[in-house]
Amino acid sequence: MRIAIITFPGSNCDYDCYQAARHVIGADARYVWHREEALPEPDIVVLPGGFSYGDYLRAGAIARFSPIMNAVSRFAEEGGPVLGICNGFQILCEAGMLPGTLLRNASLKFVGRKVYVRVENDDTMFTSRYRDGQVLALHVAHGMGNYVADPDVISELEADGGVVFRYTDADGHVSDDANPNGATNGIAGVINAAGNVMGLMPHPERSVEALLGSTDGRGIFESLRDHVMGVTSAALTATMGRG
Amino acid sequence: MTTSPPAPRPGDPEITSALVAEHGLSTEEYDRIRGVLGREPTYTELGLFSALWSEHCGYKNSKPLLRTLPTEAPWVLQGPGENAGVIDIGDGFAVAFKIESHNHPSAVEPYQGAATGVGGILRDVFTMGARPIAVLDSLRFGSLTRPRVRYLFAGVVKGVGDYGNCVGIPNLGGEVYFDDAYEGNPLVNAMAIGLLKTDDLIRANASGPGNPILAVGARTGRDGIHGATFASEELTEANQARRPQVQVGDPFTEKLLLEASLELIKSGHIVGIQDMGAAGLASSSTEMAARAGTGVDIDTSLMPTRETGMTPYEILLSESQERMLVVAKQGHEKDVVRILERWELNAHVIGHVTDDGLYRVRENGVVVAEIPGEPLVDGCPTYVREARESEEIIRLRTRDTREIDRGAAATNPTRVLMRLLGAPNIASKRWVYDQYDSTVRSNTVVGPGGDAGVLRVRGTHKGIAATVDCNGRYVYLNPRRGGMIAVAEAARNLVCVGARPRAVTDNLNFGNPLKPEVYYQMKEAVAGIAEACRVLETPVVSGNVSLYNESPTGAIYPTPVIGMVGIVENIDRVLGMGFRNTGDIIVLLGTNTDELGGSEYLKVVYGEVAGDAPNVDLSAEKSLHNAMLDLADRGMLQSAHDCAEGGLAVALAECAMSDHARLFGIEVKLSDALDAAPLLFGEAQGRIIATCEAS
Amino acid sequence: MSAFTAEVRISPRAGLLDPEGNAVQGALHSLGFDGVEGVRMGRLIRLRLEADSLESARGTAEAMCKQLLANPVTEDFEIHLEDIR
Amino acid sequence: MSAFTAEVRISPRAGLLDPEGNAVQGALHSLGFDGVEGVRMGRLIRLRLEADSLESARGTAEAMCKQLLANPVTEDFEIHLEDIR
Ligand SMILES: Nc1ncnc2c1ncn2[C@@H]1O[C@H](COP(=O)(O)OP(=O)(O)O)[C@@H](O)[C@H]1O
Ligand SMILES: [Mg+2]
């Protein structure tokens, strides 16, 4: 399984994603510099967190014009899984690959701490290893995670399983206190209608080892591995059948 | 190569005694400059001497004291004098670290002042070939009741956070104190730690005559001209007006510089690299040459500038941020430029290394400064000043604290405990560190909020622990003891997480050294630090001096901040401060004593700063640390926390409440024959609260 | 060719939440500026550009806003040009 | 009492580095807007306030800028008022 991790100038969680993908999931992880025009035939593309272009103007606004983004959007159009984490989520929104946008945190302060999120849709290629209602302990670290979209977009997301993660307390209850950034309805992660592009503000890649306090983030990478392996073996069967 | 002495540059001001004084140079110093040159200096040369012979670069009032600090141990790979100190941690890895102050800039513009402070210290670390892996911040402000203080506090924290967060370096801890003594002159000290393969260590030398010198990174503007001199005098109304233009940080460019520099160092195309920090191009180029015993020949008209019409004087002294000076191997310029361009950075050759030992600056080829390099860098006169202890402090120290204590602790211990827990100096600092990313790079085992931060070292079974500490009130009451306590407490914080203390970086924040009372504090505090570092086997490998920390309200508390790094041999044995299981046994390692001097109790309940700083027995401290490490290593402990401000009662409460999602109750029996106040709230040193399983 | 300065004023679209504006308004109230309402935080971008005519400068500036400077989903913009040559 | 809208235009002081402006300028160039120079990023704040007169509204707005809205060390501001009642 090959994971392409796109590195923009200012990305700083590319290393964490690489380590998680390679050493925890055992994937063939590769960094792809944003100036490249082609992807190295990956099974999965990850847009990691950080501060691409310093978050200047708006988070993700400049990065989305990077040459590699054409290839990323083609990859997504063909159904390839694209995961945007934190700044990666912001880039996907700016690029129009996910609905809505991420404004400054309601507190106007950067927030770096442990949060809890509830799995709202376990029927995706990113979350199949979780159960609906499961509460995960993950870290957030962002200044612009306040998810907003037009009211009808929000209703649609809510109705169609577009909301994948929601901030809650440790017991799975939604509250203002549990919401680190003021995001509408406590939305922490969303997925596109086709089900292959997901963005989230918390960092699953930082919660994959018990030594560091939580392994709750592994599920996303493991779900993706299941998805890729499933597809691959089906494709294999199909080829052999035709032969 | 011989050149005729530089002629005055058209447009430069004439050198008068007033101009010399404005450059912070005394008449004797000016005479010495004329002696070095054998003629009058040009304006450009005056600027160079002024910067390099400032306190900030030349350490003129602190060098004799600094020489008394222990700096050696078998594990020290690089002691003071380089961009950062470096220690060996085994398994082929080394750790580089240093602390730096940005007090004056933060008093003027808290956000940019703090941000650029973090930027500078990160560059000091990665120019050693080390990848920055942690930032710590040590902060002091006046009383939070004042709006200006709240503005400074909020701005500084945001500045520290935004910069480190953007570059992607986790914050591992720090400290924040509030006291009127820092009103008008906040302290902002930032420490950075980097990890490197021992083989990748590089020193900032301009060796090899003929080698090209390149300016890399941001363009040069007029920001911060004379920042080094500004940092070397008191903040007054008068110099507020001619203070340097604010330096603006660009963490985005810093991140690119970081990656590019590490790649350059690995590439073998360069011989040395240094940040253009305080006194900018002037100090970086002269220091690199001095270390190598070479000379340099640079042309300021080749420096890329951001503003028009900049003079050599301005270009040499600008403190524009995110710039580096690189000495490449001759013939490898193109490779260097290629690497930098990939990181979207610019590089320009501005001169070359020479073998004549001269520091030569040109403008469009015309020599505007030519100074023997050695005296410029090392010839700054040093002074041993008059030292005299302040009568007032002697009076405070010798006050009987039992007469101040009117029995609050005995009558209502609960109420006192609640007040102490709510006091700004003791209350949780979450408001601060929740604005910092402490988990990026996925190595943080213990983040801010514990006794010390701990990172694992990938590819080994080890961890690196770090803390910053200083109780300025103790140093004020008794500078020698206060200095010792700062070191002892830092070491104790490290052993509490299971790390063996290894080395120190110190930031000596003091007032005006020309005042005998202030110089006395420096001298005594440094003596205390030196002694404690000897006994605890933690040599000083890097540091920084920040003097003239005064404001209209007087000198700050003498505040020698100790940054200490320790090694965890077995990362699975790391301890936290919070209690773990109901039923665990709480034990106190160390002894309660009958001391209340300098305590938070006296300050919070009675508004008094008085009595002697707590006694410290360094050899007992050392035994305590060894015992603690032994217990940790055998896996016999569940948690450990040192007793600091607020004493035993506060420390116990902190252990019980460290995880707000999981609160514990406690039941302890104290059998000492002590009054309630010293027993519960005294700040006796050398105490650790540990827990172990009941069996 | 002529040179122009452009001032681009970007503001959050009416009706859209403006957390920063709310926070600033709260801060103004607590400083005693009670009569202040409807605080909206936007961006001001100033730049110089070359173009043949005012119309073509406007066209360029609009294109820059649509493509990059303003977020089409959440922000509105106005362009103010001045001929400086 | 009358009501006013105030538009506060805040920009980085001349000579100070503007890293955000540099990044935006670089992005504009790489999008093909070559003739763009001197990009400076500022802030635009719009609000409504009550005051007896235009002068008193200006006084209030200036006080707000000095105390909170603009950074006196790094930014310059302009105030534009309009009477809306
Ligand atoms: N400025 C800061 N930045 C990051 N962490 C901080 C800061 N100030 C305090 N902390 C963290 O808060 C905790 C308590 O600080 P302090 O009371 O100074 O502890 P101690 O007395 O053990 O040194 C420590 O873990 C410290 O690292
Ligand atoms: Mg402390």
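Just so you know, these numbers come straight off a predicted model, no measurement behind them. (Residues numbered from 1 in each chain as written. Chains lettered and ligands numbered in written order. Predicted model: local features only at pLDDT ≥ 70, side-chain atom pairs only at ≥ 80, totals over all residues. Heavy atoms only, no water.)

Draft legend 1. Just the overall build of chain B, in detail. A count of helical and extended segments in chain B gives 27 helices and 24 strands. The C-alpha atoms of chain B give a radius of gyration of 25 Å, which matches the 26 Å a tight globule of 695 residues would have. Each principal axis of the C-alpha distribution contributes one length, and for chain B these read about 80 × 55 × 40 Å. Counting all 695 residues of chain B, 66% fall into the buried class. Partitioning the intrachain contacts of chain B with sequence separation of at least 6 by distance along the chain shows that 85% fall at a separation of at least 24. As presented, chain B carries roughly 23,600 Å² of accessible surface, and 50% of it is formed by carbon and sulfur atoms. (Helix = DSSP H or I, 4+ residues; strand = E, 2+ residues; numbered from the N terminus. Rg over C-alpha atoms; globule rule 2.2 N^0.38 Å. Buried < 20%, exposed > 50% of the residue type's maximum accessible area, 1.4 Å probe, protein only. Contact = heavy atoms within 4.5 Å. Areas by Shrake-Rupley, 256 points an atom, 1.4 Å probe, with all protein chains shown as cover.)

Draft legend 2. Region of the structure containing the site of ligand 1. Residues and elements named next belong to chain B. Near ligand 1 there are 21 residues, and of these Asp137, Gly174, Gly449, Gly450 and Asp469 occur at the shortest range. Within the side chain of Asp137, an N or O atom sits 2.5 Å from a nitrogen atom of ligand 1. A distance of 3.0 Å is found between an oxygen atom of ligand 1 and a backbone nitrogen or oxygen belonging to Gly174. Calculation on ligand 1 without its partners gives an accessible area of 550 Å², and the protein chains cover 89% of this total. Residue assignment for the shell around ligand 1 shows that the elements contributing at least two residues are strand E4 (131-141), strand E5 (171-178), helix H20 (430-433) and helix H22 (479-496). (Near = heavy atom within 4 Å. Polar contact = N/O pair within 3.5 Å; in protein donor to acceptor, adjacent residues only side chain to side chain.)

Draft legend 3. Structural detail: the packing of aromatic side chains. This structure, assessed with the given rule, holds 18 aromatic pairs over all chains. Ring plane angle 65° and centroid distance 5.1 Å describe the contact between Trp33 of chain A and Trp343 of chain B, whose orientation is recorded as edge-to-face. Of the two residues, Trp33 of chain A sits in strand E2 (residues 28-33) while Trp343 of chain B sits in the loop between helix H14 (333-342) and strand E11 (347-354), which places them in two different chains. Taken individually, Trp33 of chain A and Trp343 of chain B each receive the classification buried, so the pair is uniform in this respect. Site record: aromatic cluster; members linked through ring pairs are Phe141, Phe153, Phe178 and Trp431 of chain B. A cation over an aromatic ring shows up here: Arg385 of chain B above the ring of Tyr383 of chain B, its NZ or CZ 4.2 Å from the ring centre. (Phe/Tyr/Trp six-rings, centres within 6.5 Å; stacked < 30°, edge-to-face > 60°. Lys NZ or Arg CZ within 6 Å of the ring centre and 35° of its normal.)

Draft legend 4. View of the interface of chain A and chain C. The interface is formed by 14 residues belonging to chain A together with 13 residues belonging to chain C. Taking both partners together, chain A and chain C bury about 1,200 Å²; carbon and sulfur atoms supply 64% of that area. Here chain A is connected to chain C by two salt bridges. For Glu75 of chain C, the salt bridge is made with Arg58 of chain A, and the minimal N-O distance between the two is 3.6 Å. Mapped onto the side of chain A that touches chain C, the elements with two or more residues apiece are strand E5 (101-103) and strand E8 (146-148) of chain A. Residues belonging to the side of chain A that touches chain C are distributed by class as follows: eight nonpolar, two polar and four charged. (Buried area = accessible area lost by both parts, 1.4 Å probe. Salt bridge = Lys/Arg side-chain N within 4 Å of Asp/Glu carboxyl O. Nonpolar A, V, L, I, M, F, W, Y, C, P; charged D, E, K, R; others polar.)

Draft legend 5. Focus on the environment of Gly26 of chain C. For Gly26 of chain C, the position within the fold is in helix H1 (residues 19-30). Spatially, the C-alpha atom of Gly26 of chain C lies 9.4 Å from that of Val36 of chain C, the residues being ten residues apart in sequence.

Draft legend 6. View of the arrangement of the chains. Ranking by contact count across five pairs of chains in contact places chains C and D at the top. In this structure chain B stays clear of chain C, and the shortest span between their C-alpha atoms is 10 Å.

Draft legend 7. Spotlight on the confidence of the model for chain A. Across chain A, the average pLDDT comes to 94, with 95% of residues at or above 70. Low pLDDT, under 50, characterises residues 238-243 of chain A; the predicted model gives this stretch zero contacts beyond four residues in sequence or across chains. (pLDDT = per-residue confidence, 0-100.)

Draft legend 8. View of the pairing of E2 of chain A. Of the strand pairs in this sheet, strand E1 (residues 2-7) of chain A and E2 of chain A are connected by six bridges, and their pairing is parallel. Its bridge partner lying in E2 of chain A, Ile3 of chain A is registered against Ala29 of chain A. (Pairing = 2+ DSSP bridges.)

Draft legend 9. The interface of chain C and chain D, seen in detail. In this complex, chain C contributes 32 residues to the contact, which on the side of chain D involves 32 residues. With both sides pooled, the region where chain C packs onto chain D buries about 2,700 Å², and carbon together with sulfur makes up 64% of that total. The largest contributions to the chain C side of the interface with chain D come from Phe33, Leu44 and Arg46 of chain C, which together make up 22% of the buried area. Our count for the contact surface shared by chain C and chain D stands at four salt bridges.

Draft legend 10. Broad picture of the sheet that holds strand E3 (residues 93-101) of chain B. Residues and elements named next belong to chain B. Ordered in space as E1-E2-E3-E6-E4-E5, the six strands form an open sheet in which the pairing is mixed. Each of the sheet's edge strands pairs with one partner strand only, and the pair in question is strand E1 (76-78) and E5. If you compare each strand with its neighbour and ignore which way they point, the axes differ by 20° on average. Against the sheet, helix H7 (residues 110-126) contacts E3, E4 and strand E6 (187-197), and its axis sits at roughly 25° relative to E6. (Axes fitted to C-alpha atoms, helices over the stretch in contact; angles between N-to-C directions.)

Draft legend 11. The arrangement of the pairing of strand E10 (residues 187-191) of chain A in detail. Residue and element names in this part refer to chain A. With five of five residues buried, E10 is to be regarded as a mostly interior element. Direction of pairing for strand E9 (residues 163-168) relative to E10: antiparallel, over a ladder of three bridges. By the bridge assignment for E10, Arg166 is matched with Ile187. As paired elements, E10 and strand E11 (residues 197-200) share three bridges and run antiparallel to each other. Counterpart to Val190 in the pairing with E11 is Gly199. Where E10 folds back onto E11 in an antiparallel hairpin, the turn is made up of five residues, including Gly195, whose phi is positive at roughly 80°.

Draft legend 12. Layout of the side chain of Ser283 of chain B. Residues and elements named next belong to chain B. If you trace the backbone, Ser283 turns up in helix H12 (residues 280-292). Since its relative accessible area comes to 4%, Ser283 is described here as buried. When near neighbours in sequence (up to four residues on either side) are disregarded, Ser283 contacts Leu52, Cys57 and Ala278.

Draft legend 13. Main features of H22 of chain B. All names here are of chain B. Here H22 is 18 residues long and its end C-alpha atoms lie 25 Å apart, about the 26 Å a rise of 1.5 Å per residue gives. With respect to burial, H22 is a largely interior element, 16 of its 18 residues being buried. Immediately downstream of H22, the backbone of Gly498 shows phi near 95°, a positive value. (Expected span 1.5 Å × (residues − 1).)

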